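This is what each chain is made of:
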Amino acid sequence: MRIRLLASAAATTVLVVAAVASPASARPATTGTPAPVAPTFVDGLAQAVFSTNPTDWYSGEVWVQAPFDSDHDGELDRIHTDFSAPREVLTEGLKVPVVFEDSPYYAGTADAYSNWAVDHPLGSPPLLRPRAPFWTAFDTSPVISTSLESTWVPRGFAVVHAESPGTGHSHGCPTSGGSNETLAGKAVIDWLNGRARAYTTRDGSTRAVAGWTTGKVGMIGTSYNGTLPEAVATTGVDGLKAIVPISAISDWYDYYRANGMVRAPHSSSNPSGNNNAFQGEDLDVLADVVYSRLDETGERKICQPVIDDLEHHIDRATGNRSGFWQERNYMKDVRNVHAATLLAHGNNDFNVMTKNAAQFYAALKKQHVPHMFYFHQGGHGGPPPDVLVNYWFTRYLYGVPNGVERLPRSWVVREAASCPPRQTAVSGDQSNTATLAVADTTPFRIGFSLTVPQTNADGTITTTTRLIARIPDSTHLVLASAVATATGQKVADGATVSLQCSNANPTPYAEWPDPASGQAGLHLTPGAPARGGLTFAPTAAGTATETLTDDASIAAITSANAAASDVRLVYQTPPLTKPVRISGTPSAALQIAFSASKANLTVALVSYPPTGNGTILTRGWMDPANRLSDWADAPVQPGKLYRMNVDLQPKDTVVPAGNRLALMVVSSDRDFTIRPPAGTRLTLDLAHSSLVIPVVGGPEALVDALS
């Protein structure tokens, strides 16, 4: 399928005039370039038919006027924005959709900064935190970034980057998820659709018009850059047709807090107790770190009052939700989202916790917004396979009916030991070919990575991988490049080619969580200070309580793997006789008492192999004073039993046969929480406490695996 889009003569004239009026802000394509082409789609995917040479592209920078004054200088802020598009937008009047990445990071981040101290009594945080010293930011003019360009411009899209308020060459101030950052991204989309003004210089009056775009925009990015697409989508801005948020925050309260507890994000996917560079970070710290305005050449002062205001409102004493935090809660406005969303997250992302992805995705499903979820087994970051993003933007930005909405909604990267077989046999010896004849192409998908065993001349096997470029029929796979190209090398008749589980080859499921997932409840039997049990039978009334003593100097993973400890309580199942897949959000209902009026509560789901150390699969946290609400404290009377319903972070993992699942209860979590002086005791009523695990196949599957 080929599409050629022509702009009106009037629109082309405006664009050319803007380019001529400001040669510094727009760089027209060079002359003498190859003959023009049109957007081209094969098998529902945009093809790279436009020039890959950046000197052939139409590129420039503008300052988009935003509808706010976040640095309080009496002038509306301007947002620094750059763009690159195929040269045909000038030479042929072509109009193209936009792939847009908004970020506070383009000009860099502070080399040295201070997090909040975390070793102090609960409710008594330090009063001050040193500000980051002046640091030299990267100059982002005229090019903010080249990210995404080499992929999307040759496919017939424009790429736009914008610097968040208070960063780089943008006006305004950083607010760590505040409304000005949302409205800044929205303003850029409004400009792309002719509804907002932009200027060719930071403080000038010469207008710039985006006459080269259709106005259809897809936002994409990772972490903060992935959060901003969700934020902008909650405005319902016209023109934002699709978003691809990767490791994105959907509620900043759930980034820096958990059920009333001050809880830090983690810089590692493998928390060990002493490897968290983010312990003590908060909204004000992040704003301090990204504040990079290039118009301030000495000490940065313009935005210090704004950062001071953040510090004043974060409330590290109680950890409670407030109107200040609600400004940064995109879930309250998720009903406005209509942009088709391809979400990506890592199962072991302890930076942006998986709750942020799960709650946003659940809302989209409920609202019938087009949605898809890519869930890998790694940590922070990790985009969906390029083929899925290409399908997404081709469908929702170009309007090509490629059927992506009929694909499975969930794509989970399975663990190697749990990888479903997706393979076939090769038909006949084949050498130096990019087209493989095979018995059956049904297990395969375009854009996935095929593992191919090559038999060498000496009889040894060399394995290689190739992207599947096309599947023309039921017995042939066309690869991105030839295999078995060496002298005497072949892909032997009967050899097995396969899709190995990896980030490039996720496993499709109908939806997430898996529709077959059901809640399996388990009860606790005593065993402290060693390990007690988890059983299906309710614990007998009158069963003795068990007690732990808080000690924040000991990492949770250390406590989990101790044969006996007074710092934690552990309750484990017998060994599984079959693999068990968890898909969804585990939770613990605990009847528990505290020896002090202020305490931390941490729960974890642990997987213990037959030998060696266990792994913490997921965790949950709660301030006992917030057992009823995130918004206000309810007094805790020492010694009195209270009901605590703690949600753990959502998960999709297969626990192998032979492993034991376990619930661990600790007080302070050295990796994540405030670390008060040791000594607070937590007493658990086993008969009135339980664990619920979302198991594919429901409780029957877990019963079967434990029989």
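Residues numbered from 1 in each chain as written. Predicted model: local features only at pLDDT ≥ 70, side-chain atom pairs only at ≥ 80, totals over all residues. Heavy atoms only, no water.

Q: Teacher, can you tell me more about the environment of His312 here?
A: Relative to the helices and strands, His312 resides in helix H8 (residues 304-313). His312 sits 138 residues away from Pro174 along the chain, and the two C-alpha atoms are 15 Å apart. (Helix = DSSP H or I, 4+ residues; strand = E, 2+ residues; numbered from the N terminus.)

Q: Could you clarify how one ought to interpret the sheet that holds strand E18 (residues 449-455) in this entry?
A: Through backbone hydrogen bonds, the strands of a sheet pair up, either in parallel or in antiparallel fashion. Spatially, E16-E21-E18-E19-E20-E17 is the arrangement adopted by the 6 strands of the open sheet, whose pairing is antiparallel. Of all the strands in the sheet, just strand E16 (423-425) and strand E17 (433-437) have a single pairing partner and so form its edges. In this sheet, adjacent strand axes meet at a mean angle of 35 degrees when their direction is disregarded. One ladder, built from 2 bridges, connects E18 with strand E21 (residues 496-499); its direction is antiparallel. (Pairing = 2+ DSSP bridges. Axes fitted to C-alpha atoms, helices over the stretch in contact; angles between N-to-C directions.)

Q: Can you help me understand the packing of aromatic side chains in this one?
A: Each aromatic ring pair is specified by the distance between its two centres and by the angle formed by the two planes. Tallied over the full model, the rule gives 22 aromatic pairs. An angle of 40 degrees between the planes, with centres 5.2 Å apart, marks the rings of Tyr361 and Phe373 as tilted. Taken together, the residues span a long stretch of sequence, with Tyr361 in helix H10 (residues 354-367) and Phe373 in strand E14 (residues 371-376) at a distance of 12 residues. The same class applies to Tyr361 as to Phe373, namely buried. (Phe/Tyr/Trp six-rings, centres within 6.5 Å; stacked < 30°, edge-to-face > 60°. Buried < 20%, exposed > 50% of the residue type's maximum accessible area, 1.4 Å probe, protein only.)

Q: When you look at the pattern of salt bridges in this model, what are you seeing that I'm missing?
A: Working definition: two side chains of opposite charge can pair if their charged atoms are close together. One pass over the structure, following the stated rule, counts 33 salt bridges. Of the charged contacts, one joins Asp71 and Arg293 as a salt bridge, the two residues approaching to 2.8 Å between their closest N and O atoms. In this pair, Asp71 sits in the loop between strand E4 (58-65) and strand E5 (78-85) while Arg293 sits in the loop between helix H7 (283-290) and H8, placing the two residues 222 residues apart along the sequence. Overall, Asp71 belongs to the buried group, its relative accessible area being 7%. In this structure, Arg129 and Asp288 form a salt bridge, with 3.3 Å as the shortest nitrogen-oxygen distance. Placement of Arg129 in the loop between strand E6 (96-103) and helix H3 (149-152) and of Asp288 in helix H7 is noted, with a sequence separation of 159 residues between them. Assessed through its relative accessible area of 3%, Asp288 is described here as buried. Connected via shared salt-bridge partners are Asp71, Arg202, Asp203, Arg293 and Asp295. (Salt bridge = Lys/Arg side-chain N within 4 Å of Asp/Glu carboxyl O.)

Q: Just checking my understanding: could you explain the state of the cysteines for this structure?
A: By definition, a disulfide links two cysteine residues through a covalent bond between their sulfur atoms. Taken as a whole, this structure holds 2 disulfides when the rule is applied. Here Cys173 connects covalently by a disulfide to Cys303, the sulfurs 2.1 Å from one another. Between Cys173 and Cys303, the S-S dihedral sits near -90 degrees, and the bridge is therefore left-handed. Of the two residues, Cys173 is situated in the loop between strand E7 (158-163) and helix H4 (179-192) and Cys303 in the loop between H7 and H8; the sequence distance between them amounts to 130 residues. With respect to burial, Cys173 and Cys303 carry one shared label: buried. (Disulfide = S-S within 2.5 Å.)

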